[in-house]
Amino acid sequence: LDFFMSNQFEHGHKNVQKDQRVYKLEHGIIKELNGGQVIDLSITKNVTSMIISSFLLFFLLRISANSYKKNDPIPSGIQAFLEPLIIFVKDEIIVKNIGKKHSKYLPFLLTVFFFILINNLLGLLPASANVTGNIAVTLVLSFITFILTTFSGNKNYWSHIFRPPGVPIILLPIMVPIEFLGIFTKPFALMIRLFANISAGHIIILSLISLIFIAQDSIGDIGAWSVAPVSILFVLFISLIEILVAFLQAYIFTLLSAVFIGMAVVEEH
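Residues numbered from 1 in each chain as written. Predicted model: local features only at pLDDT ≥ 70, side-chain atom pairs only at ≥ 80, totals over all residues. Heavy atoms only, no water.

Caption draft 1: Up close: the confidence of the model for the chain. Confidence in the prediction of the chain, expressed as mean pLDDT, is 89, and 100% of residues score 70 or more. Of all secondary-structure elements in the chain, the lowest mean pLDDT belongs to helix 5 (residues 155–162), at 86, while helix 4 (residues 135–152) reaches the highest, 94. (pLDDT = per-residue confidence, 0-100. Helix = DSSP H or I, 4+ residues; strand = E, 2+ residues; numbered from the N terminus.)

Rendered as structure tokens:
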């Protein structure tokens, strides 16, 4: 195992030597000069951000849990802020959509809500990683929901897919493939919705800031100074909307996950 900071490569302009091994960076891939195989376990910016958000999530909820242990009748501090969110997610999202069997899925759905929310908010900070705007992250989150939904499906759930009630036999060859594809399109929609909405806001902000530099290239300093106040005002406005979107997308992902799980575990009427 060789440990070193990636900035030692100086963006590929310099090789890194460790004992008898010399490493080089080619198009973002670390290679060994003598042709040896390299397994790159580098901690990326996104991984670092997720580690930070996970510790932050654990820290905040641990403080809140300790406050409950004291049996204080009046919530205070972090507990006072988190308790309404926890109760809202539990009662209005999870219980309403899953029903009596909600307790099994409560830890996962609460964790998903706060994990997405914290990463959405951290992504708004300057120089931070846009974790939820990375499709690999949203893919894993939606895949976990897919696994839970698939393995939680009861007889009623699978019968609605392979023998939809009330559908004439002549339409079954059309409806069954559509229902079967729905198993995969639901998590796919989860993945794309979170990724696209978070990425869109960041793209708009970057585009508005870029207008300043475009104006400078086209007109000069006068153009840049003329465009800058307008761009900054719009960036501030979009940033405020992004705070709303951070909460909204955490809510929507948790809501849809609860709906999909609820459809899988609901008993036949």
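Still more to cover.
Caption draft 2: Here's a closer look at the sheet that holds strand 1 (residues 16–18). Within the open sheet, the 3 strands sit side by side as 1-2-3. Their pairing is antiparallel. The outermost strands of the open sheet, each flanked by one partner alone, are strand 1 and strand 3 (29–32). Direction aside, the axes of adjacent strands within the sheet are offset by 30° on average. For strand 1 and strand 2 (residues 21–26), the ladder comprises 3 bridges, and the chain directions are antiparallel. Among the inter-strand pairings, Val 16 is bridged to a residue of strand 2, identified as Tyr 23. (Pairing = 2+ DSSP bridges. Axes fitted to C-alpha atoms, helices over the stretch in contact; angles between N-to-C directions.)

Caption draft 3: Representation of helix 3 (residues 106–122) within the structure. With 17 residues, helix 3 extends 24 Å between its outermost C-alpha atoms, agreeing within 8% with the 24 Å of an ideal straight helix rising 1.5 Å per residue. Counting buried positions over the 17 residues of helix 3 gives 14, a clear majority of the element. (Expected span 1.5 Å × (residues − 1). Buried < 20%, exposed > 50% of the residue type's maximum accessible area, 1.4 Å probe, protein only.)

Caption draft 4: Local environment of unusual backbone geometry. Positive phi, close to 50°, is recorded for Glu 10, a residue that is not glycine. Relative to the elements of secondary structure, Glu 10 occurs in the segment before strand 1. According to the relative accessible area criterion, Glu 10 is partly exposed, its value standing at 41%. Although it is not a glycine, Asp 19 sits at a positive phi angle of roughly 55°.

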